[in-house]
Amino acid sequence: MKITALIPALPLAFMSSMAFSQNIDVQVTNLTHGLHFTPLFISTHTSASNLFEVGQTASAALKPMAEGGSIADLIAASPAGSVNSENPVGGLLAPAITSPVVSLDTGANDKLSIVAMVLPTNDGFVGLDSWTIPSEAGSYTIYLNAYDAGTEVNDEVIDTVNGGGDDGIPAAPGGDAGMNATGVTTTESNTMVHIHRGNLGDTDLTGGVSDVDSRIHRWLNPVAKVVVTVK
Amino acid sequence: MKQFNIRTLKSGALCLMLASTGLLTACGSDDDKDAEMASFEITVTNLSANQPLSPLAALLHDADYKAWSIGGMASDGLEVLAEGGDNSTFISDDAAMLMTSASGSAPVGPGGSDTLTVTADLASVMQITLASMLVNTNDAFTGTTGLDVSDLAVGESMNQALPIYDAGTEANDEMAGTIPGPADGGEGFNAVRDDVDFVARHPGVVTQNDGYSSSVLDESHRFDSPIARLVVKRVQ
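Remember, it's a predicted structure, so these values are computed and weren't measured experimentally.

Q: How would you explain the overall build of chain B if you had to name every residue and give the values?
A: Each helix and strand counted, chain B has three helices and 10 strands in total. The N-to-C order of helical and strand elements in chain B reads α-β-β-α-α-β-β-β-β-β-β-β-β. For chain B, with 236 residues in total, the buried portion stands at 46%. Of all intrachain contacts in chain B linking residues separated by at least 6 positions in sequence, the fraction that spans at least 24 positions is 77%. About 10500 Å² of surface is accessible on chain B, with carbon and sulfur atoms providing 51% of the total.

Q: With reference to specific residues and values, describe the overall build of chain A.
A: Of the regular secondary structure elements, chain A holds four helices and 10 strands. What you see in chain A, going N to C, is helices and strands ordered as α-α-β-β-β-α-α-β-β-β-β-β-β-β. The buried share of chain A, taken over its 231 residues, is 52%. Of all intrachain contacts in chain A linking residues separated by at least 6 positions in sequence, the fraction that spans at least 24 positions is 77%. Surface accessibility of chain A: about 9400 Å² in total, with carbon and sulfur atoms responsible for 56%.

Q: Any chance you could break down the interface of chain B and chain A for me, citing the residues and the numbers?
A: Contact residues are listed per partner, giving 22 residues for chain B and 17 residues for chain A. For the pair chain B and chain A, the summed buried surface comes to about 1500 Å²; carbon and sulfur atoms form 59% of the total. By the criterion of area lost to chain A, the three top residues of chain B are Ile70, Arg201 and Pro203 of chain B, representing 37% of everything that side buries. Ionic pairing is found between Arg218 of chain A and Asp210 of chain B, a salt bridge with its closest N-O pair at 2.8 Å. Within the residue set of the side of chain B that touches chain A, elements represented by two or more residues are strand E8 (164-166) and strand E9 (200-201) of chain B. Looking at side-chain class alone, the side of chain B that touches chain A contains 11 nonpolar, six polar and five charged residues.

Q: How would you summarise the pairing of strand E5 (residues 102-105) of chain A if you had to cite specific residues and measurements?
A: All names here are of chain A. A one-sided burial pattern is seen for E5, the buried positions being Val102 and Leu104 and the unburied ones Ser103 and Asp105. Where strand E1 (residues 23-30) lies against E5, four bridges are found, and the strand directions are antiparallel. Bridge pairing links Ile24 to Leu104 in E5.

Q: I'd like to hear about the side chain of Thr137 of chain B, residue by residue, with values.
A: Mapping Thr137 of chain B onto the fold places it in the loop between strand E5 (127-133) and strand E6 (140-148). Residues in contact with Thr137 of chain B, not counting those within four places in the same chain, are Gln51, Ile179, Pro180, Val205 and Phe223 of chain B.

Q: Explain unusual backbone geometry to me, and be specific about the residues and the numbers.
A: Residue and element names in this part refer to chain A. Of the consecutive residues Leu119 and Pro120, the connecting peptide bond is found in the cis state with omega at 0 degrees. Between Asn221 and the following residue, Pro222, the backbone shows a cis peptide bond with an omega angle of 0 degrees. Residue position: Pro222 is located in the loop between strand E9 (194-195) and strand E10 (224-230). Located in the positive-phi region is Asn87, a residue other than glycine, with phi close to 55 degrees. By the secondary structure assignment, Asn87 is in the loop between strand E4 (83-86) and E5.

Q: Describe the pattern of salt bridges, and please don't skip the residues or the numbers.
A: All names here are of chain B. Summed over all chains, the structure comprises eight salt bridges over all chains. Linking Glu219 and Arg222 is a salt bridge whose minimum nitrogen-to-oxygen distance equals 3.4 Å. Take Glu219: its relative accessible area is 41%, and that puts it in the partly exposed class. Among the ionic contacts, a cluster of salt bridges with common partners joins Asp76, Glu79, Arg193 and Asp197.

Q: Give a description of the side chain of Gln51 of chain B that names residues and reports values.
A: Residue and element names in this part refer to chain B. With respect to the secondary-structure elements, Gln51 resides in the loop between strand E1 (37-46) and strand E2 (57-61). For Gln51, the side chain forms a polar contact with the main-chain oxygen of His221, separated by 3.0 Å. Ignoring sequence-local partners within four residues, the contact set of Gln51 consists of Asn46, Pro110, Leu134, Val135, Asn136, Thr137, His221 and Phe223.

Q: I'd like to hear about the pairing of E5 of chain B, residue by residue, with values.
A: Residues and elements named next belong to chain B. With seven of seven residues buried, E5 lies mostly within the body of the structure. Side chains of E5 alternate between two faces, with Gln127, Thr129, Ala131 and Met133 and Ile128, Leu130 and Ser132 buried alike. In this sheet, E5 lies alongside E2 in antiparallel orientation, the contact comprising five bridges. Paired with Leu60 across the strands is Ile128, a residue of E5. Connecting E5 to the antiparallel partner E6 that follows it, the hairpin turn spans six residues.

Q: Account for the nonpolar core, naming residues and giving values.
A: Residues and elements named next belong to chain B. Of all hydrophobic cores here, the largest spans 33 residues; its most connected members are Phe40 and Val232. For this core, the elements supplying multiple residues, two or more each, are E1, E2, strand E3 (98-103), strand E4 (113-121), E5, E6 and strand E10 (228-234). Looking at this core, the element that brings in the most residues is E1, giving four residues. Not counting residues within four places of it along the chain, the set of residues in contact with Val232 comprises Phe40, Glu41, Ile42, Ile128, Leu147, Val149, Leu152, Glu156, Ser157 and Met158.

Q: Break down the environment of Val102 of chain A for me, with residues and values.
A: Among the structural elements, Val102 of chain A can be located in strand E5. In this structure, Val102 of chain A is in contact with Ile24, Asp25, Val26, Ile42, Ser85 and Pro88 of chain A, ignoring residues within four places of it in sequence.

Q: Describe the environment of Glu53 of chain A, and please don't skip the residues or the numbers.
A: Residues and elements named next belong to chain A. With respect to the helices and strands, Glu53 occurs in the loop between strand E3 (41-45) and helix H3 (62-68). Residue classification places Glu53 among the partly exposed residues on the basis of a relative accessible area of 38%. Note: C-alpha distance between Glu53 and Met192 (139 residues apart in sequence) is 8.9 Å. Not counting chain neighbours up to four residues away, the residues in contact with Glu53 comprise Asp129 and Val193.

About the thresholds
- Residues numbered from 1 in each chain as written.
- Chains lettered and ligands numbered in written order.
- Predicted model: local features only at pLDDT ≥ 70, side-chain atom pairs only at ≥ 80, totals over all residues.
- Heavy atoms only, no water.
- Helix = DSSP H or I, 4+ residues; strand = E, 2+ residues; numbered from the N terminus.
- Buried < 20%, exposed > 50% of the residue type's maximum accessible area, 1.4 Å probe, protein only.
- Contact = heavy atoms within 4.5 Å.
- Areas by Shrake-Rupley, 256 points an atom, 1.4 Å probe, with all protein chains shown as cover.
- Buried area = accessible area lost by both parts, 1.4 Å probe.
- Salt bridge = Lys/Arg side-chain N within 4 Å of Asp/Glu carboxyl O.
- Nonpolar A, V, L, I, M, F, W, Y, C, P; charged D, E, K, R; others polar.
- Pairing = 2+ DSSP bridges.
- Polar contact = N/O pair within 3.5 Å; in protein donor to acceptor, adjacent residues only side chain to side chain.
- Core = buried A, V, L, I, M, F, W, Y, C linked by side-chain atoms within 4.5 Å.

In structure tokens, the structure reads:
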């Protein structure tokens, strides 16, 4: 939580606190059968900012998250006044696992956004963009889709060079992917953030076009469930 | 639970007999004449292209029952249902929180639908669980568990789009001999658990038309969510 960052925003927070300021609990479940999520970045913010927006170019801070799972740039780019949870799981969120409860005092923020990279993909991520936090107490369930950041070719080749910082899929944490793939494609026609078309994969673990396994690493939306409890 | 069903049937038959002899009388269960009943019609429509759904299993229960959860191990009853379409173990669960159960008499084909009715003493919390296998898969099933129908007034209905789950008890290898539906006619339930052993959303099938030459499935067996529509109507 950015407590220091809240101080400059105090006048604003005070003004709007009559209308807002909520205590919320957030819990994220990875619904998939065989995909991992990288460290979650959960942010409450105002309508003045986004972590991402469909149909728009991924920000410079979103790109390293979507391609390599790093949320450092998103944290750095988070506007003053945002109230965030950074990596609440303490690492990967494995298939079908639910995160710990993340409690946030939203202050003046009425929007909730969540992102994490989906592994193994090139630049796929699970995302929630600017969900309006209800003022009424209660439990709310949101289902999240997998998006493609549009910043990297979906060649489906696992490439750990430079710690996965190069093009390619940085890792398949389940240890169930192949190697020596020739690559599914060399182009990315939609360079805006869009709904991910899914992994193609193949069943050749020592070659073929893809290093991911079509029987394990595909998915159908939604890929995550978020439960928000407004207190 | 079975005893409950038999008792309900008997009192119904008795009621019919009395009515047919012209003796009009209030017909309730033998041990509680004033018990108010709640009855729900559960209709499932199969929205898939080529995935018959195994005979529907419906449970009426209180808030303490969940037939599965994301990340939780499938029960034996769910494994038998999801691998082979046989719901007998699933619905014979004798947990105290179950009020009653019902089973469809036949699979529900693509485009088809089936309706089950479950009836029990009215309670402050009444929830429905529904499950059925996608029979042209290794261990995919659809359904819902813990759908709260307590607030439905008589004549009211609610509906849900049903997702596809993977029981996690059988690897999705799509191989000949492992799929019980008409695509293969292979084995249904096998007690060996050779997959992740937790319930999650299903990743979909690959099929032979999408580069998996060992698959016994073809492109028509692919599916997306939702696989079925569920309508629950309170009729009593």
